[in-house]
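These are the residues of each chain, in order.
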Amino acid sequence: MAEDASPFQPLLDDHEEFLAKLHELEAVLDEMMHTREANEANRELLDEAVRFFEEDLLPHFAREDAIVLPPLEAAIGRFGTLVNVVAYEHEEIRREVAKFREARAGLDASRGPWPAIQELNRHGIFAIQFLWDHFRKEKVSLFPTAVRSLPAAELDAIRAALAQD
Ligand SMILES: [Fe+2]
Ligand SMILES: [Fe+2]
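Residues numbered from 1 in each chain as written. Chains lettered and ligands numbered in written order. Predicted model: local features only at pLDDT ≥ 70, side-chain atom pairs only at ≥ 80, totals over all residues. Heavy atoms only, no water.

Describing the coordination of the iron ion (ligand 2)
Next up, step 1: Coordination of the iron ion (ligand 2) by the protein comes from His15 (NE2), His60 (NE2), Glu64 (OE) and Glu138 (OE), over a distance range of 1.9 to 2.2 Å.
Next up, step 2: Considering all four donor atoms around the iron ion (ligand 2), angles at the metal cover 81 to 178° and the coordination shape is irregular.
Next up, step 3: Sequence positions of the donors to the iron ion (ligand 2) reduce to the motif H-x44-H-x3-E-x73-E.
Next up, step 4: Here the iron ion (ligand 2) and the iron ion (ligand 1) are spaced 3.3 Å apart, and both take Glu64 as a donor. Taken as a pair, His15 in helix α1 (residues 9-35) and His60 in helix α2 (residues 40-76) lie far apart in primary sequence, 45 residues in all. (Donors = N, O, S within 2.8 Å, 3.2 Å for Na, K, Ca; no water. Tetrahedral: all angles 85-135°; square planar, octahedral: opposite > 155°, others 65-115°. Helix = DSSP H or I, 4+ residues; strand = E, 2+ residues; numbered from the N terminus.)

Shown next, in the form of C-alpha cells:
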C-alpha cells in the first residue's frame, strides 16, 4: 500500500463491499413486496443479509469504535462532535439489526408471510438508507477530520491497526 493512501482505506473498502450487499438486500425486499411472497431463494438471501449484518457489518463498527473513535475523541472531544454522532449511529444500527433478525424469524412463524415481509421491508429499507448516509458521513467528514486533527504518529497507529484483520 502506498504511504500516502488514507489510513482509513480498509474501512472505505469495506463500505464499498457493504453497499453491494445492501443493494442485493434492497432487490430481494422489492421482489417480496411485489409478489407478497417469500420463496426459498428470497429466504436464503434474507439469511445471507442477517449473516452479513452480524458477521461483517457489526465487526466493522466494533473496529471503528475501538480503533478510530478513541484517539479522535481525545483530540476533538465527544459531545457536539462527529465522534458522538458516529457512535450513536452505530448503536442505532445495532438495534435495527436485532429487529431485522426478529422479523426474519417472524417469516417462519405461522401467521402467514405478508406481515413479516412488510416488517422486514420496514427495517431493511431503514437500515439501507441509514447506512448509506452513515458511510458517506464517515467518508466526507469523520475520516478527513481525523486526518486533519490527529498527529502523524496516531495516524500511523490507526493505519497499522486497520491493516490487520
Ligand atoms: Fe461506522
Ligand atoms: Fe464505517
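Moving on, there is more to tell.
Some details on the coordination of the iron ion (ligand 1)
Next up, step 1: Binding of the iron ion (ligand 1) to the protein goes through Glu64 (OE), His90 (NE2), His134 (NE2) and Glu138 (OE), at separations of 1.9 to 2.2 Å.
Next up, step 2: If you look at the iron ion (ligand 1), its four donor atoms make angles of 86 to 177° with each other, and the shape they trace is irregular.
Next up, step 3: Along the chain, the residues donating to the iron ion (ligand 1) fall in the pattern E-x25-H-x43-H-x3-E.

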